[in-house]
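Listed below are the residues making up each chain.
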Amino acid sequence: AEGLKDFGISRKGLIYLLLDEIKKLKKASNDSVTLIEHSPYCFEKILDHLRLEGYFMQGLVETKPELPVVRDDEKRRYQKVVHHLFPGESS
């Protein structure tokens, strides 16, 4: 309540209404799920690459798989999905 007074809001009724709305926003942000834009094409590329990496790590294939080749019209979406799924990785 004191923080609202710093913004020049002094009427008690308004303060209570704003505090109630702030509580609702906090609850909504805690309950929300982060959704990402997805594309079956992008997920297929990612899954195929992960499968090939797995085969390589198990010794089922001799050569390490190269990074997937992505269509130009899907590159931006692909990068967005990869960065979301593998944050901090060398994606």
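Our structure is the block above this text.
An account of the accompanying structure is given in this report. By convention here, each chain's residues receive numbers from 1 onward along its written sequence. The predicted nature of this model means local features are confined to residues of pLDDT at least 70 and side-chain atom pairs, given and counted, to a pLDDT of 80 or more, with totals for whole chains, interfaces and linings taken over all residues. As a rule here, side-chain values cover all heavy atoms of the structure and leave hydrogens and water aside.

Geometry of aromatic contacts follows a simple scheme: Phe, Tyr and Trp rings, the Trp one being its six-membered ring, pair when their centres are within 6.5 Å, and the pair is stacked under 30 degrees between planes, edge-to-face over 60, tilted otherwise. Scanning the entire structure with this criterion turns up 0 aromatic pairs. A ring is considered to have a charge above it if a Lys NZ or an Arg CZ atom is located within 6 Å of its centre and within 35 degrees of its normal. Sitting above the plane of the Tyr41 ring, Arg71 keeps its charged end 4.1 Å from the centroid.

Another point: the environment of Val82. Inspection of the secondary structure puts Val82 in helix H4 (residues 75-85). Classification of residues uses two cut-offs on accessible area relative to the type maximum, computed with a 1.4 Å probe and protein chains only: under 20% is buried, over 50% is exposed, and between them is partly exposed. The exposure class of Val82 is buried, given its relative accessible area of 8%. C-alpha of Val82 to C-alpha of Cys42: the two residues are 40 residues apart in sequence and 8.7 Å apart in space. Helix and strand assignments come from DSSP, with helices taken as H or I runs of at least 4 residues and strands as E runs of at least 2, each series counted from the N terminus.

Below, the discussion takes up the pattern of salt bridges. Two side chains of opposite charge can pair, provided their charged atoms sit close to one another. Note on definitions: salt bridges are taken to be side-chain nitrogens of Lys or Arg within 4 Å of carboxyl oxygens of Asp or Glu. As enumerated under the stated definition, the model contains 8 salt bridges in all. Measuring nitrogen to oxygen at the nearest pair gives 3.3 Å for the salt bridge that ties Glu74 to Arg77. Looking at Arg77, the relative accessible area reads 30%, which means it is partly exposed. A cluster of three or more residues bridged by salt bridges with shared partners is formed by Arg71, Asp73, Glu74 and Arg77.

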